[in-house]
Amino acid sequence: MRTVLKWAGIVVGALVLVVVVGGFVASRVGAANIARVHEVPVTSLTIPTDSAALARGAHLAGIYGCQDCHGADLSGQVMAEEGPARIVASNLTPAGIGGEYEPEDWDRAIRHGVGVDGTALFVMPSGAYHNISDAEAVDLIAYLETLPPVEKDLPPMEYTLLGKLLAAGPLDLSKGVYVDPTPTSSPAPGATVEYGAYVAEGLCAYCHGEGLVGKEADQPGAPFAPNLAASGQWPPEQFHQTMTTGVRPDGREMDPEFMPWTMTAKMTHDEREGVRLYLATLAE
Ligand code: HEC
Ligand code: HEC
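Here we summarise the structure given alongside this text. What you see is a predicted model; the values in this text were computed from it and never measured.

## Some words on the coordination of the iron atom of ligand 2
The protein atoms that coordinate the iron atom of ligand 2 are H208 (NE2) and M259 (SD), at distances spanning 2.1 to 2.2 Å. Its six donor atoms give the iron atom of ligand 2 angles of 87 to 179° at the centre, a pattern that matches the octahedral case. Of this pair, H208 sits in helix 7 (residues 193-208) while M259 sits in the loop between helix 8 (236-245) and helix 9 (261-264), placing them 51 residues apart in sequence. In this pair, the class of H208 matches that of M259, namely buried.

The following block contains the structure:
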């Protein structure tokens, strides 16, 4: 009996050891994945200073939803304290990272998903911004560089043990890194299918999938992002109403946390109309 117990003890002890060592190894693998440096092609950009460019840049920050995470004055905020990481959207003003960033650094972070140190950014949705043209990116960067400085004490972004374990496998941070070159030019903003395609196949496709055919969300708890062909057939006023209030034709209000209608609400009517015209060309 004693020997049996002894053996059982040894087996349990060995199992615990396997789990502990396995967890340790996995967390080391995860930490290495988090620290991996990614090479991305950045474009050499000339940043404009004229007021039209700055105004367009401010508008772009609105319709691409930067404030939704980085805060109304873009001075950053803690987005989550629990789960895989303490998620901190950086202070983009000159008192924060804006004070150190060169145009290439902005480009690397915004359109490629990589921080100044070359590591992958987490939660920052560069997949929605990878399609932004150089012509628009320079306006956006020009605006960011002229933000008033806002001092803010933010804790560092930090992965938890859970985050490190996940980063060893299921949480593939390199999926948020975009290595393809970015487009140089884009259609003039307005109520055209071309402009709508440019916005929809970048920004909207990030969640609704390529071709806007619908896609399962990456974000835990988010509903399925549906095929947008049907909404392209809604009466135009209905489409604009839903995209500015979040209320769908059946009366249900969409949570802006999952479907960011707060940013489509900031588009000009013509820009939104361009998106609608493009969606109307999609086959159901
Ligand atoms: C869904 C939330 C979200 C949105 C929307 C978002 N960001 Fe971010 N952003 C983050 C988070 C979180 C980080 C920090 C990621 C990290 O450190 O791994 C970040 C990091 C960055 C960085 C790198 C900063 C650094 O510390 O090096 C820049 C630059 C940036 N964002 C700019 C923007 C701009 C410009 C927009 C709008 C076009 C935008 N972000 C929209 C969440 C967001
Ligand atoms: C961050 C992810 C995300 C982005 C970016 C996004 N959507 Fe969505 N969208 C969703 C999700 C998730 C739903 C489903 C929401 C629900 O059912 O409550 C949705 C629902 C919708 C609906 C309702 C469709 C229907 O048939 O009920 C429309 C229309 C829509 N989105 C249009 C757009 C457009 C246009 C863009 C780009 C300008 C866009 N979305 C960008 C996530 C996103």
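Here the narrative resumes.
## Quick look at the environment of L161
Topologically, L161 is positioned in helix 6 (residues 161-166). A C-alpha to C-alpha distance of 38 Å links L161 and A142, two positions 19 residues apart in sequence.

## So, the pattern of salt bridges
This structure, assessed with the given rule, holds nine salt bridges. Note that E158 is salt-bridged to R86, the shortest N-O span being 3.8 Å. Note that E158 is positioned in strand 3 (residues 158-159) and R86 in strand 2 (residues 85-89), a separation of 72 residues in sequence. The closest approach of N and O atoms between E273 and R276, which form a salt bridge, is 2.9 Å. Placement of both E273 and R276 in helix 10 (residues 269-279) is noted, with a separation of three residues, approximately one turn of the helix. Of the two residues, E273 and R276, neither departs from the other in class, the shared state being buried. One connected set of salt bridges, linked through shared partners, spans R56, E136 and E271.

What counts and what doesn't
- Residues numbered from 1 in each chain as written.
- Chains lettered and ligands numbered in written order.
- Predicted model: local features only at pLDDT ≥ 70, side-chain atom pairs only at ≥ 80, totals over all residues.
- Heavy atoms only, no water.
- Donors = N, O, S within 2.8 Å, 3.2 Å for Na, K, Ca; no water.
- Tetrahedral: all angles 85-135°; square planar, octahedral: opposite > 155°, others 65-115°.
- Helix = DSSP H or I, 4+ residues; strand = E, 2+ residues; numbered from the N terminus.
- Buried < 20%, exposed > 50% of the residue type's maximum accessible area, 1.4 Å probe, protein only.
- Salt bridge = Lys/Arg side-chain N within 4 Å of Asp/Glu carboxyl O.

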